Amino acid sequence: MYVAVKGGEATIANAHRLLADRRRGDRSVPALRLDQIVEQLALGVDRVMSEGSLYDRELAALAVTQARGDMIEAIFLVRAYRTTLPRFGYTNPVDTGAMQVERRVSATYKDLPGGQVLGPTFDYTHRLLDPELAAGAEVEMPAQRPAEPEAMPRVSAILAHEGLIEADGEMPLDHVPGDITREPLQFPMARDIRLQALSRGDEGFLLALGYSTQRGYARNHPFVGEIRIGEVELELDVPELPFAVPLGSIRVTECQMVNQFKGSAKAPPQFTRGYGLVFGQSERKAMAMALCDRALRAGELGEDVVAAAQDEEFVISHSDNVQATGFVEHLKLPHYVDFQAELGLVRRMRAEYEARENEDKAAEEKREAAE
Amino acid sequence: MRGQEAREQAGRKALMATLAHAAADEIARLWNESGLPSEAELLRGPETGLVTVRGRIGGGGAPFNVGEATVTRATVRLPSGQVGHSYALGRDKGQAKLAAIADALWQDPAHREAVETRLAAPLRAALAAARETKRVETAATKVDFFTMVRGED
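Residues numbered from 1 in each chain as written. Chains lettered and ligands numbered in written order. Predicted model: local features only at pLDDT ≥ 70, side-chain atom pairs only at ≥ 80, totals over all residues.

Let's talk about the overall build of chain B
(1) Moving on: Regarding its fold elements, chain B presents four helices and three strands.
(2) Moving on: If you list the helices and strands of chain B from N to C, you get α-α-β-β-β-α-α.
(3) Moving on: Taken over the C-alpha trace, chain B has a radius of gyration of 21 Å; the compact-globule value for 153 residues is 15 Å, which it surpasses by more than 25%.
(4) Moving on: Projecting the C-alpha coordinates of chain B onto the three principal axes gives extents of approximately 85 × 35 × 35 Å.
(5) Moving on: Counting all 153 residues of chain B, 40% fall into the buried class.
(6) Moving on: Look at the contacts in chain B between residues 6 or more apart in sequence, and 56% of them connect residues 24 or more apart. (Helix = DSSP H or I, 4+ residues; strand = E, 2+ residues; numbered from the N terminus. Rg over C-alpha atoms; globule rule 2.2 N^0.38 Å. Buried ≥ 20, exposed ≤ 12 C-beta atoms within 10 Å, placed from the backbone. Contact = placed C-beta atoms within 7 Å.)

Let's talk about the environment of Leu62 of chain A
(1) Moving on: Note on placement: Leu62 of chain A falls in helix H4 (residues 57-66).
(2) Moving on: A sequence separation of 27 residues divides Leu62 of chain A from Gly89 of chain A, and the C-alpha atoms of the two residues are 25 Å apart.

Description of H4 of chain A
Residues and elements named next belong to chain A.
(1) Moving on: For H4, a buried count of seven out of 10 residues is recorded, marking the element as mostly surrounded by other parts of the structure.
(2) Moving on: Looking only at H4, the buried set comprises Arg57, Leu59, Ala60, Ala61, Leu62, Ala63 and Val64.
(3) Moving on: Those residues of H4 that are buried are in contact with helix H2 (34-40), helix H3 (42-52), strand S1 (54-55) and helix H5 (71-82).
(4) Moving on: Backbone geometry just after H4 places Arg68 at a positive phi near 55 degrees.

Looking at the environment of Ile227 of chain A
Residue and element names in this part refer to chain A.
(1) Moving on: Summarising the element assignment, Ile227 is placed in strand S4 (residues 222-236).
(2) Moving on: Counting along the chain gives 69 residues from Ile227 to Ile158, while the straight-line C-alpha distance between them is 14 Å.
(3) Moving on: Not counting chain neighbours up to four residues away, the residues in contact with Ile227 comprise Val105, Thr253, Cys255, Glu283 and Ala286.

Considerations on the interface of chain B and chain A
(1) Moving on: Each partner contributes residues to the interface: chain B has 47 residues there, and chain A has 67 residues.
(2) Moving on: Elements represented by at least two residues in the side of chain B that touches chain A include exactly helix H1 (3-21), strand S1 (41-56), strand S2 (63-77), strand S3 (83-89) and helix H4 (112-139) of chain B.
(3) Moving on: Take the side of chain B that touches chain A: its biggest share by element is 10 residues, from S2 of chain B.
(4) Moving on: Grouping the constituent residues of the side of chain B that touches chain A by class yields 21 nonpolar, 17 polar and nine charged.
(5) Moving on: Two strands pair when backbone bridges link them, and S1 of chain A and S2 of chain B are joined in this way by two bridges, in the parallel orientation. Note that in S2 of chain B the partner of Tyr55 of chain A across the bridge is Ala69 of chain B. (Nonpolar A, V, L, I, M, F, W, Y, C, P; charged D, E, K, R; others polar. Pairing = 2+ DSSP bridges.)

Here's the deal with the sheet that holds strand S5 (residues 245-261) of chain A
Residues and elements named next belong to chain A.
(1) Moving on: The strand order S3-S4-S5-S6 describes an open sheet built from four strands, whose pairing is antiparallel. In this open sheet, the two strands that pair with only one neighbour each are strand S3 (100-105) and strand S6 (270-279). Neighbour-to-neighbour, the strand axes of the sheet open up by a mean angle of 20 degrees, direction not taken into account.
(2) Moving on: Summarising the sheet, S3 and S4 pair through five bridges and their orientation is antiparallel. (Axes fitted to C-alpha atoms, helices over the stretch in contact; angles between N-to-C directions.)

A few points about helix H9 (residues 203-214) of chain A
An α-helical turn contains 3.6 residues, so a residue and the one three or four places further along point in the same direction.
All names here are of chain A.
(1) Moving on: Taking 1.5 Å as the rise per residue, H9 with 12 residues should run 16 Å; its terminal C-alpha atoms sit 16 Å apart, in good agreement.
(2) Moving on: Taken as a whole, H9 has its buried residues at Glu203, Leu206, Leu209, Gly210 and Thr213. Buried positions in H9, seen along its axis, are confined to an arc of 135 degrees and lie on one side of it.
(3) Moving on: Elements in contact with the buried residues of H9: H3, helix H8 (191-199), helix H10 (283-295) and helix H12 (312-318).
(4) Moving on: At the C-terminal side of H9, Gly216 shows a positive phi close to 120 degrees. (Expected span 1.5 Å × (residues − 1). Arc of directions from axis to C-beta.)

Regarding the pairing of S3 of chain B
Residue and element names in this part refer to chain B.
(1) Moving on: Judged by how many residues are buried, S3 sits mostly within the fold: six of seven residues are covered.
(2) Moving on: As paired strands, S2 and S3 are joined by seven bridges and run antiparallel to one another. Within S3, the position partnered with Arg77 by the bridge is Val83.
(3) Moving on: Between the antiparallel neighbours S2 and S3 lie five residues, among them Gly81 with a positive phi of about 105 degrees.

Remarks on the nonpolar core
(1) Moving on: Counting 97 residues, the largest nonpolar core has Leu247 and Cys292 of chain A together with Ala102 of chain B as the members making the most contacts within it.
(2) Moving on: Sorting elements by how many residues they give to this core places helix H3 (residues 93-106) of chain B first, with nine residues.
(3) Moving on: Residue contributions to this core reach at least three from each of two domains, namely domain 1 (9-82) and domain 2 (96-119 + 150-326) of chain A.
(4) Moving on: Ignoring any residue separated from it by four or fewer positions in sequence, one finds Cys292 of chain A in contact with Leu198, Leu206, Leu209, Gly210, Ala309 and Val315 of chain A. (Core = buried A, V, L, I, M, F, W, Y, C linked by C-beta atoms within 7 Å. Domains from an automatic or database assignment.)

Some details on the confidence of the model for chain B
(1) Moving on: Summary statistics for chain B give a mean pLDDT of 93 and a share of 98% for residues scoring 70 or more.
(2) Moving on: In the predicted assembly, ipTM is 0.93 and pTM is 0.92. (pLDDT = per-residue confidence, 0-100.)

Considerations on the packing of H5 of chain A against helix H13 (residues 321-329) of chain A
Residues and elements named next belong to chain A.
(1) Moving on: Where H5 meets H13, the axes come as close as 9 Å, and the angle between the chain directions of the two elements is 110 degrees. Our classification of the angle between H5 and H13 gives roughly perpendicular. For the pair formed by H5 and H13, the contact residues are Ile72, Ile75, Phe76 and Arg79 on the first element and Asn321, Val322 and Thr325 on the second.
(2) Moving on: Taken together, the residues of the contact of H5 with H13 sort by class into four nonpolar, two polar and one charged. (Parallel < 35°, antiparallel > 145°, perpendicular 65-115°, else oblique.)

Here you go:
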């Protein structure tokens, strides 16, 4: 028998009205504007764009507000919005070598063309809470240094000629990049598809997996060859124009991880590489992505798959926080019928168990009495 | 391609790049001051959609899909017959329409000069200034390594 249960419509409406009120909070405090969030909570906005897999600052800021600052809820909102829009096409691949660089560091080479540029970084801060910021103190304008523009080739391009480091990852010429928003995940998957999944993957999950590789689970001796943050140009081929149409620029973070590799049956000793590329300014995410990318290449490089971070199906199936939260959070929705069925089952098993116990006890008593 | 045609396309593309980078309210303000006509028939849009952004494995290897971005586009036809297109990141439909009209006007020899001097040039100057400010602010955070000599020789 199946009994449909309806009810709670008015309750749900009231709950959502209460949510709107609590979201707004104390009315004597000014309401946040989206431009304030875009400007002043920029890295939170970047995370929502990266994991929501949609580059649009105002929409991400709206999602953060609507979600009361719950990042995964905000990411969920952005993902849902994406599905309402038509698709115009695939851009030409961005050229990170031509980036207008806002930060660029390398942990492997001190002197490299273009130099090391710290940019707006939390590194070397003392992580002390700043009471002046709480008091709303004025902030001074940044220092400026007139300097000739310098090219900043990617570190990987500089190292390539020595032959001791792998080339950029190539695919067969006729390979069409896979798209996880169009086709369901299938394992094993090509590296391009893994990278798409990792780029929108949950920062915390990828961070923990990357950390696990450093602690010895699939150890792969990483160095940061380069991290660069800045704006890259987007261009789209369209049928109505005889040239690729410029769309404007987006900020991305790129991480080139360089890993020592002692060689295997499949590849000679060399430095291998992991790659990270994410929307916005997020070097933690880009680094974690690069560590995971490298770990997931175990099969390709002839390494033993011994740890979670090397297990493609495990990593990619669980890296999407919208899917993860959907499945975990659905547990709180009514499961009354399921639970009734399980309750009946457990009652029956318990009764059978107790009957068996009683039988055993009776048999025992009988035997003792006989002795 | 003949040199003339290539120059023509490069000029048109440069205008589209400028309009795609510029702030919507700045385009509208300059347009009002320019006296450029804004009469045009909308053939398509303005409509907002998505493009999938591609990167390359390792920076220079095979392409892969990174994520999506919002883009708004429009196509217009001027009373004089020229058809103009626009594409730009974001969701600003007013900007898309004006940019498409600018593209159409640019193709009309009677208006090209005005589009270049009254619209594109000031937008380019503002973009270049913002870019330069960012560059010298970034340059101030460049690391100057120096070596310290320690101990007796």
